[in-house]
Amino acid sequence: MAAEPRNRSFLPNWGCLRSGNNMLNIPTQAFPAPGSQQRVAPSGQSGRNKVALKPGHSLMDWIRFSKSGKDLTGLRGRLIEVTKEELQKHNTRDDCWTCIRGMVYNVTPYMDYHPGGEEELMKAAGMDGTDLFDQVHRWVNYESMLKECLVGRMATITTKAAMPPPSAMGLAPPQLLAPPPDKDSRPRYDWFQTDVAVHLVVYAKRKIPSSGCTIVDLKGGVLRLEVLLGKMSYMIHLSLADEVEGNLEANTGFSVGKIQISIRKQAKGKWTSLGQPLESHNTFLRKKDRALYYRDCVLVSKTEVNHNSHVFRLQLPRGTVMHVPVGKHVYLKALIKDTEVVRPYTPVDQSLAAASHNSSQESDLYLMIKVYPDGVFTPHLSSLHIGDCVSISGPEGTFSLRPLHDVTHLYLLAAGTGFTPMARLIQQALQDTDTMRKTKLLCFNRREEDILWRCELDDLAANTDRFQVEYVLSDPCDSWSGRTGRVEESMLEEFLTRPEGSKCYVCVCGPTAFTEITIGLLKQQGFSEEELHAFQG
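The model shown is predicted, which means the values in this text are computed figures rather than measured ones. (Residues numbered from 1 in each chain as written. Predicted model: local features only at pLDDT ≥ 70, side-chain atom pairs only at ≥ 80, totals over all residues. Heavy atoms only, no water.)

> How should I be thinking about the overall build of the protein chain in this particular structure?
Looking only at helices and strands, the protein chain features 10 helices and 31 strands. Across the 537 residues in the protein chain, those meeting the buried criterion constitute 55%. For the protein chain, the computed accessible surface area is about 23,800 Å², with 49% contributed by carbon and sulfur atoms. (Helix = DSSP H or I, 4+ residues; strand = E, 2+ residues; numbered from the N terminus. Buried < 20%, exposed > 50% of the residue type's maximum accessible area, 1.4 Å probe, protein only. Areas by Shrake-Rupley, 256 points an atom, 1.4 Å probe, with all protein chains shown as cover.)

> Would you take a moment to explain the pattern of salt bridges for this structure?
Side chains that carry opposite charge are capable of pairing whenever their charged atoms lie near each other. If you walk through the whole model with that rule in mind, you get 23 salt bridges. For Lys89, the salt bridge goes to Glu86, with nearest N and O atoms at 3.4 Å. Of this pair, Lys89 and Glu86 both sit in helix H2 (residues 84-89), 3 residues apart, roughly one helical turn. Exposure remark for Lys89: the relative accessible area of 58% places this residue in the exposed category. Across the salt bridge formed by Asp112 and Arg93, the nearest N and O atoms sit 2.9 Å from each other. (Salt bridge = Lys/Arg side-chain N within 4 Å of Asp/Glu carboxyl O.)

> How do you make sense of the packing of aromatic side chains when you look at a structure like this?
The tally for this structure, following the rule as stated, stands at 10 aromatic pairs. Between Tyr345 and Phe377, the ring centres sit 6.4 Å apart and the planes meet at 25 degrees, which makes this aromatic pair stacked. Placement of the pair is Tyr345 in strand S22 (residues 339-345) and Phe377 in helix H6 (residues 377-383), with a sequence separation of 32 residues. Summarising the burial analysis for this pair, Tyr345 and Phe377 share the class buried. The rings of Trp62, Phe65, Tyr110 and Tyr113 are connected pair by pair, giving a single aromatic cluster. (Phe/Tyr/Trp six-rings, centres within 6.5 Å; stacked < 30°, edge-to-face > 60°.)

> Looking at this model, I keep getting lost on unusual backbone geometry. Mind explaining?
Glycine aside, residues mostly have negative phi angles, and peptide bonds mostly take the trans form. With a phi angle near 60 degrees, Asn282 is a residue other than glycine that sits in the positive phi range. Among the residues examined, Asn282 registers a relative accessible area of 4% and is labelled buried. In the Ramachandran plot, Lys337 falls in the positive-phi region, its phi being about 50 degrees despite a non-glycine side chain.

> Looking at this structure, I do not really get the sheet that holds S22. What am I missing?
Pairing between sheet strands relies on hydrogen bonds along the backbone, with the strands arranged either parallel or antiparallel. Read across the open sheet, the 7 strands follow the order S22-S21-S25-S18-S19-S24-S23; overall the sheet is antiparallel. This sheet does not close on itself; its edge strands, each paired only once, are S22 and strand S23 (347-348). Inspection of the sheet shows strand S21 (residues 330-336) paired to strand S25 (residues 389-393) by 2 bridges, in the antiparallel sense. What sits directly across from Lys333, in S25, is Ser391. (Pairing = 2+ DSSP bridges.)

> Is there a simple way to explain the sheet that holds strand S9 (residues 188-193) in this structure?
In spatial order, the strands read S9-S10-S15-S14; together these 4 strands make up an open sheet with antiparallel pairing. Each edge of the open sheet is held by one strand with a lone partner, namely S9 and strand S14 (244-253). On average, adjacent strands in this sheet sit at an angle of 15 degrees to one another, irrespective of strand direction. Strand direction decides the pairing type here: strand S10 (residues 197-203) and strand S15 (residues 258-265), joined by 7 bridges, are antiparallel. Looking at the pairing, Val202 lines up with Ile259 of S15. (Axes fitted to C-alpha atoms, helices over the stretch in contact; angles between N-to-C directions.)

> Would you mind going over helix H7 (residues 420-431) with me for this structure?
It helps to recall that an α-helix has 3.6 residues per turn; residues three or four apart then point in one direction. Across the 12 residues of H7, 10 count as buried, placing the element largely inside the fold. Along H7, the positions that sit buried rather than exposed are Thr420, Pro421, Met422, Ala423, Arg424, Leu425, Ile426, Gln427, Ala429 and Leu430.

> Sorry, what's going on with the state of the cysteines here?
What is meant by a disulfide is a covalent connection between two cysteines, made through their sulfur atoms. Scanning all chains against the criterion turns up 0 disulfides. The closest cysteine sulfur to the non-disulfide-bonded Cys389 is located on Cys297, 8.1 Å from its own sulfur. For Cys389, a relative accessible area of 47% gives the class partly exposed. (Disulfide = S-S within 2.5 Å.)

> Sorry, what's going on with the confidence of the model for the protein chain here?
Close reading of the predicted structure is inappropriate where its pLDDT is low. Averaged over all residues, the pLDDT of the protein chain equals 83, while 82% of them reach at least 70. This model gives residues 1-9 a pLDDT under 50, and the stretch forms 46 contacts once residues within four places in sequence are excluded. Low pLDDT (under 50) marks residues 13-48, which in the prediction has 199 contacts with non-local residues, meaning those over four places away or in another chain. (pLDDT = per-residue confidence, 0-100. Contact = heavy atoms within 4.5 Å.)

> Explain the side chain of Asn306 to me, please; I cannot follow it from the model alone.
For Asn306, the position within the fold is in the loop between strand S18 (294-304) and strand S19 (309-315). Of note is the side chain of Asn306, whose polar atom sits 3.4 Å from the backbone oxygen of Glu449. At a separation of 3.2 Å, a polar atom in the side chain of Asn306 contacts the main-chain carbonyl oxygen of Asp450. Look past the residues within four positions of Asn306 in its chain and what remains in contact with it is Glu449, Asp450, Ile451 and Leu452. (Polar contact = N/O pair within 3.5 Å; in protein donor to acceptor, adjacent residues only side chain to side chain.)

Laid out in structure tokens, this is it:
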């Protein structure tokens, strides 16, 4: 992830490649860890733009500077109403204002602290930068990051629109945002009850894809249910009619597109309604338009992986059911020096030996995280004690298993902690005994002690001829007999074989420059967009 130190030694000396739209990006450590941002990019899509920051311009330095009491807006603490014409005047490097969701910020002081450089910030100078910001990281809490830079609110002309009263039963047709799906394809829900339990049933009206999932949060009598269907999200949000037990049961019929949630009543009896609708109830909209929702998870254990990495086991709260699909990531949020900091990470299984076939019933999340001593977020995580809480979002990302359905050869190229999304992909591939004939992993690291889960990978390769792993070290010891060097064309040509009649797919994950270089080399070797997927750091 961006500004926590990274090992770039497995990159050729090509300098730092630049591409993408990177607005107001918080410095992060290597992907995933979202990086698993752990954002997942479409096939071959390049990563976010990174530039080298001057010494003394890290995220922690920005936090200190913004808390110093200096006037960062030039308005001496006043908040003003900003017209469109006024905003357009502030469009230079030395006087740069931008608008995000109706709020105007003077981002001039932030220029030198922005990992994407001033060029990316200037793309939104003197204008509304909301769409550009959302393209890269809508998950960033810009209100906290830039609160000392707040100029004021955009001047707008509002008109009141009549709103229909909510249905007492909460059974109104779903609210839609453009582009609206076909009316007959909209999910709907119903409910029924017995004397001791209430049952909520969602009809998705389609098969639920492998990338889809159901997230249920029940807390204080409030039920929040989100069903992820590809790029769309259907939500039920209710204050239940009466008191219930804290636990619930969730069952998903993927092939028939049906989800049933069962909740026990605290007292026997009949309810006259399911409850009262709350914000965003019965809405069906694009997932990217849905605000992130966090729940507090308890740190259960920390297990050492190597000299600087651990697996953090986090327990979901009572009343929460959440399964993170393969290739998806979650966001962790913490308040550090009065600033809300968010980082993305891709869950792994408890171990490679613990296959994922029961993970849908697992109430814990396992996150493999490298701790950077001079970073911002990972030292905070490392300082947590057993029993402390961490705020975690629901699943995010665009990765789908669908392209793998008829693949015969899966190739995984991972640098550093870019291994984490590959861990569950390996398990998934080995469970597919119908078409998947070979899965090969090429791991790039600096030194031998940096390799993650090496013993488990070696054991897995020794016990099945359908899996093969090789390691590449850029700074090996004298006794190392494996591959050495950095990612380059001849190495990939040797590793990525295309047997006759095979269908291949390649996944790449690591620091942004590694991913961009590797994807470029793969395209030079004839791999198409449809055969590539870049997990983006």
